[in-house]
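# Structural characterization, general
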Amino acid sequence: MKSVPVLPQTPLPVSLVVRKRFQVRGVVQGVGFRPFVYRLANMMALTGWVQNGVNGVIIEAEGSASQLETFVQRLLTEAPRLARIDEVMPQNIEPVPGAHGFEVIKSVHDGVLATMIGSDSAICDNCLHEMLTPGDRRYRYPFINCTHCGPRYTLVRGLPYDRAMTSMAAFAQCPACLGEYADPEHRRFHAEPNACPQCGPRLQWCDAHDALGLNEADDAIAEALTRLRRGEIVAIKGLGGFHLMCDATCAEAVSELRRRKARDEKPFALMVLNTASARQWCHVSAGEAALLESIERPIVLLPKHVDTALAGVAPDMNTLGLMLPYTPLHYLLFHEAQGRPATLDWLKEVHPLALVMTSANPGGEPLVIGNEEALQRLQGIADSWLMHDRDIVSRCDDSVVRVPVTESPQLLQQPTPQFIRRARGYTPCAIRLSGVADASPVLAVGGYFKNTVCVTRGDEAFLSPHIGSLDNAATCRAFDETVEHLLKLLDVTPACIAHDRHPDFYSTRAAVSLAQRFGVPMIDVAHHHAHIAAVVAEHRLEVPVLGLAFDGVGLGNDGTAWGGELLCVDGAQCKRVGHLTPLHLAGGDRAAREPWRMAASVLAQSGRAGDIELFFPQQSAAEAVANLLSRALTANSLHAPLTTSMGRYFDAAAGALKVCEQMTFEGQAAMRLEGLAYCYLSQKKCIRLPVDSSAYRIKPDGTLDILPLMHQLFDIDDALYGAALFHGTLIAAVVEWADAGARQFGLDQIVLGGGCFVNALLSRGLSEGLRALGHQVWQAQAAPANDGGLSLGQAWVARQLQAANIGKQVSE
């Protein structure tokens, strides 16, 4: 064992000796922080100790005042890559006579918990090199890890973060591993998942046609690769759940996976070895490369090459979701495909293997995490299973991000990701909030689609991983499990439960039960208020602000479906000051799945109901819809309720241009429109979208009317131009509308919130246009703009109510 180099030092006079206790808060457990402190203190010839505690890490250090000052500075600037220090709180204590040496002492578990575990991270370079070096004792071992990488959140049952509190408790370490684990100078010191082939988890292989069930294969990785090359579908166990995997270059395999998973057109994610390989299929900027290669390893949405051969992976989309390997097992698949090379040069070279990696969540249910569960639920989908015997405690899907479209060179090089889905790699990292640090904890339960839950503790908000849509019993059970796990990990008893205003959501009914269980009040938060509040919360903005809340649907204060709103948000207060012209939902909820119905609504509203059958001759319900809409224009109809949803306007545009008359997944029409608009810009080699400034008007009551624009689309044969005109004119209209509202109410901060801002053209166009007029524009970054960020907004509103002490009902 190498000794830590110690700076030569003359003993200090007793009068100059200072001893301090430091409480370090943040992500400082399970990330190699204690061995880092140990090495640093010994290097600086300090005496004392370091330990894990319920509030983070506790350090007692003794030396001169200048030494301790330097010690703290180096803690902040040299901490391990997975650590995040939020606060270092010093306390003067009496020196210890005769103190010598610095040690790591046993963790303390007593008291109120105020720390949190780190997120899962990709394998580090050191572990990767060990695993791929012949002769190393962990050569080709798929569970290699250290304090700088590997699973955290997905295997922990509780805090403090010790091995006994993880799913690795079942694996007793061998003497060699135990020696590393106990050595403060080793990078595996107290690496809780530490293991090797002699003592750790093992791979298991199961074939769908094997009547004997599970078998431990001599080389499961080689067998998996053989099956993939045959065009088979393999279920593979990852960090936070199972993936379904096939060869992305085999059109038959991709098509069969779609058939078995009943996923006709929704894009699949792709895994490639490195950024050089990603550039075979997509355009990759420096900022996008940085995200792909980051320790979080999210799926990054990238603009795909026009001539890509992977048409079946993301049909009719202008982007591909790509990610790089993040577990040792992933890398071993590529290593096997390369022929098990003894050198490491191939890791940076273009690799031909491209794998579809899609979440194993059949029927839209939660991600599969257990072995027996995988064998049962994936029967008929997977041909074989590549599993292991390390349990996944918490399911955690892949995060999905994009690089914000920006002109800033700095942001292009080191971008902050914008989330479409926030989960693995980022959960449960806290989002810092403004306000008092001792605020009462809040549990916010989110909405219906893309559900997440959020728990606040002090000045931090902890957002759960993506749970999914609460439209089936299995996902509702996953919701309940996530609530319990997050409360347990944080050691929190909520003082109130915040929820969406819609009374029929499962999350709302769960809020009732939780409020009764804890004996605490409920706070209902309007859907679009929460969207704007989520952005205010993460950026710690001063209110009031003007909010543009654009999404598919949310219950409005008047009981109708909102989604194209101009709002004034001032803490717990939210006032509607404008909205889009309402459209009828022909057939109710069916209109959200069949864009032609929204296009028919536009025709009827412009006095052209008689043209509906002419424009949509393939739709057998066209005549009935025309009659329904004609009646709805003269009298209220339960079968054609009104909505101001921006999402439904996108659907109407897609229907009018005949680019999507029926959707097979949420947001498909809007995604196709965006892709077509990008194609228009690419083909024309221009950067500006066409605009018709006569195709919209702002009414005195604050209504934005874009029906003239919608009418034009029916007469446009060029779908690329039509999509570009729709985006360009819509952006111009909303910029003018929001600018007028901001000036009317004296607000210079404009917040963009809601699922429509996943559209990069829309969010960039509005941001640039409003900033050019002198406004500050804020968008979601730390949480998704879509309903995945609702729980954060709900929690923020509840905290505002707590601070103002103004009762239960939130006005809007």
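You'll find the structure just up there.
So, a few notes on the structure that sits alongside this text. Along each chain, residue indices are assigned from 1 in the same order as the chain's sequence is written. Only residues with pLDDT of at least 70 get local features here, since the model is predicted, and only at 80 or more are side-chain atom pairs given and counted; chain-wide, interface and lining totals rely on the full set of residues. The side-chain figures draw on all heavy atoms in the structure; neither hydrogens nor water molecules are used.

### Side note on the overall build of the protein
Comment: elements are numbered from the N terminus, with helices defined as DSSP H or I runs of at least four residues and strands as E runs of at least two. Within the protein one finds 23 helices and 30 strands. Radius of gyration here uses only the C-alpha atoms, and the compact-globule reference equals 2.2 Å multiplied by the residue count raised to the power 0.38. At 28 Å, the protein has a C-alpha radius of gyration in line with the 28 Å of a compact globule built from 812 residues. Burial classes: relative accessible area under 20% of the type maximum marks a residue as buried, over 50% as exposed, and values in between as partly exposed (1.4 Å probe, protein chains only). The buried share of the protein, taken over its 812 residues, is 61%. We call two residues contacting when some pair of their heavy atoms lies within 4.5 Å. Put simply, 73% of the contacts in the protein that link residues at least 6 apart link residues at least 24 apart. Using the Shrake-Rupley algorithm and a 1.4 Å probe, accessible areas are obtained, with residue cover drawn only from the displayed protein chains. Of the roughly 31000 Å² of accessible surface on the protein, a fraction of 52% belongs to carbon and sulfur atoms. Think of it this way: Lys and Arg go in the positive column, Asp and Glu in the negative one, and His and the chain ends go nowhere. Taken as the charge location is NZ of Lys, CZ of Arg, CG of Asp or CD of Glu. Positive and negative side-chain charges of the protein, numbering 71 and 85 respectively, have mean locations separated by a distance of 2 Å.

### Some thoughts on the pairing of strand β29 (residues 749–753)
When you tally the buried positions in β29, you get five out of five residues, the bulk of the element. Residues of β29 alternate between two faces, with Q749, V751 and G753 on one and I750 and L752 on the opposite face, all of them buried. Two strands make a pair as long as DSSP finds a minimum of two bridges between them. Note: strand β22 (residues 545–555) against β29, four bridges, orientation parallel. Looking at β29, one finds that L548 is bridged to L752. Relative to strand β30 (residues 776–779), β29 runs parallel, the two sharing four bridges. When the sheet's bridge partners are listed, L752 is paired in β30 with Q779.

### With respect to helix α17 (residues 622–632)
Taken together, the buried positions of α17 are A622, V625, A626, L628, L629 and A632. Relative to the axis of α17, the buried residues are bounded by an arc of 165 degrees and lie together on one face. On its buried face, α17 sits against β25 (583–584), α15 (595–605) and α16 (612–615). Directions drawn from the helix axis to the C-beta atoms are what define this arc.

### Some remarks on the sheet that holds strand β15 (residues 418–421)
The strand order across the open sheet built from ten strands is β6-β13-β7-β8-β12-β9-β11-β10-β14-β15, with neighbouring strands paired in mixed fashion. The open sheet has two free edges, formed respectively by β6 (203–207) and β15, since each of these has just one partner strand. The average undirected angle you get between the axes of adjacent strands in this sheet is 35 degrees. Here strand β14 (residues 400–402) pairs with β15 via three bridges, running antiparallel. Angles here are taken between N-to-C directions and fall from 0 to 180 degrees, while the axes themselves are lines fitted to C-alpha atoms, restricted in helices to the stretch in contact.

### Side note on the nonpolar core
Among buried residues, the Ala, Val, Leu, Ile, Met, Phe, Trp, Tyr and Cys ones that are joined through side-chain atoms within 4.5 Å form a nonpolar core. Counting 114 residues, the largest nonpolar core has L548, F550, I612, L766 and L792 as the members making the most contacts within it. Among the elements that make up this core, the one with the highest residue count is helix α21 (residues 719–745) (14 residues). Apart from the residues within four sequence positions on either side, L766 is in contact with L548, F550, I731, V734, V735, L752 and F757. Of all hydrophobic cores here, the second largest spans 78 residues; its members include I123, L239, V492 and Y506.

### Some points on unusual backbone geometry
Following T427, the chain continues to P428 via a peptide bond in cis, the omega torsion being 5 degrees. With respect to the helices, strands and loops of the structure, P428 is situated in the loop between β15 and β16 (431–432). With an omega of 10 degrees, the peptide bond running from V543 to P544 counts as cis. Topologically, P544 is positioned in the loop between α14 (527–539) and β22. Notably, K450 is not glycine yet its phi reads approximately 50 degrees, a positive angle.

### Describing the pattern of salt bridges
Close approach of charged atoms lets side chains of opposite charge pair. The term salt bridge refers to a side-chain nitrogen of Lys or Arg lying within 4 Å of a carboxyl oxygen of Asp or Glu. The full count for this structure, using the stated rule, is 47 salt bridges. Note that R137 is salt-bridged to E180, the shortest N-O span being 3.2 Å. Residue R137 is located in the loop between α3 (125–131) and α4 (175–182), and its partner E180 is located in helix α4; the two are separated by 43 residues in the primary sequence. Overall, R137 belongs to the partly exposed group, its relative accessible area being 31%. Its salt-bridge partner being R517, residue E484 comes within 2.5 Å of it at the nearest N-O pair. Separated by 33 residues along the polypeptide, E484 in helix α12 (residues 473–490) and R517 in helix α13 (residues 506–518) bring together distant segments of the chain. Through salt bridges that share partners, R25, R84, D86, E87, R432, R457, D459 and E460 make up one connected network.

### Thoughts on the sheet that holds strand β4 (residues 84–93)
Strand order in the open sheet formed by five strands is β4-β1-β3-β2-β5, with mixed pairing between adjacent strands. If you trace the sheet from one side to the other, it starts and ends with β4 and β5 (102–104), each paired once. Adjacent strand axes in the sheet meet at a mean angle of 15 degrees when their direction is disregarded. Bridge count between strand β2 (residues 47–53) and strand β3 (residues 56–63): seven bridges; the pairing is antiparallel. In the sheet register, N52 faces β3, and the bridge partner there is V57. Sheet strands touched by helix α1 (residues 33–43): β1 (18–27), β2, β3, β4 and β5. Its angle to β5, the strand with the most contacts, is close to 170 degrees.

### Some words on helix α22 (residues 760–772)
The span expected for a helix works out to 1.5 Å for each residue beyond the first. Here α22 is 13 residues long and its end C-alpha atoms lie 18 Å apart, about the 18 Å a rise of 1.5 Å per residue gives. When α22 is considered as a whole, its buried residues turn out to be A760, L761, L762, S763, G765, L766, S767 and L770. Sitting at the amino-terminal end of α22 is N759, which places a side-chain oxygen 3.0 Å from the backbone nitrogen of L761. Following α22 by one or two positions, G774 adopts a phi angle in the positive range, close to 95 degrees. In protein, a polar contact requires one atom able to donate a hydrogen and another able to accept it; more generally it is a pair of N or O atoms within 3.5 Å, and residues adjacent in sequence count only if both atoms are side-chain atoms.

### Remarks on the side chain of R34
In this structure, R34 sits in helix α1. Here R34 is in contact with V50, Q51, N52, V57, V104, I105, S107, H190 and E192, once residues within four sequence places are set aside.

### Considerations on the packing of aromatic side chains
Centres within 6.5 Å make a pair out of two Phe, Tyr or Trp rings, where for Trp the six-membered ring is used; the pair is then stacked when the planes are under 30 degrees apart, edge-to-face when over 60, and tilted otherwise. Scanning the entire structure with this criterion turns up twelve aromatic pairs. For the pair F22 and F71, a centre-to-centre distance of 6.1 Å together with 55 degrees between the ring planes defines the contact as tilted. Within this pair, whereas F22 is found in strand β1, its partner F71 is found in helix α2 (residues 65–78), the two being separated by 49 residues in sequence. Across the pair, exposure class does not vary: F22 and F71 are buried alike. Measuring from centroid to centroid gives 5.7 Å for W596 and F616, while their planes differ by 55 degrees, and the two rings are tilted. Linking W596 in helix α15 with F616 in the loop between α16 and α17, this pair joins segments that are 20 residues apart in sequence. A relative accessible area of 1% means that F616 is categorised as buried. An aromatic cluster is built from Y448, F449 and F505, whose rings are joined through pairwise contacts. Across from the ring centre of F419, 5.9 Å away, lies the NZ or CZ of R422, which sits over that ring. A ring is considered to have a charge above it if a Lys NZ or an Arg CZ atom is located within 6 Å of its centre and within 35 degrees of its normal.

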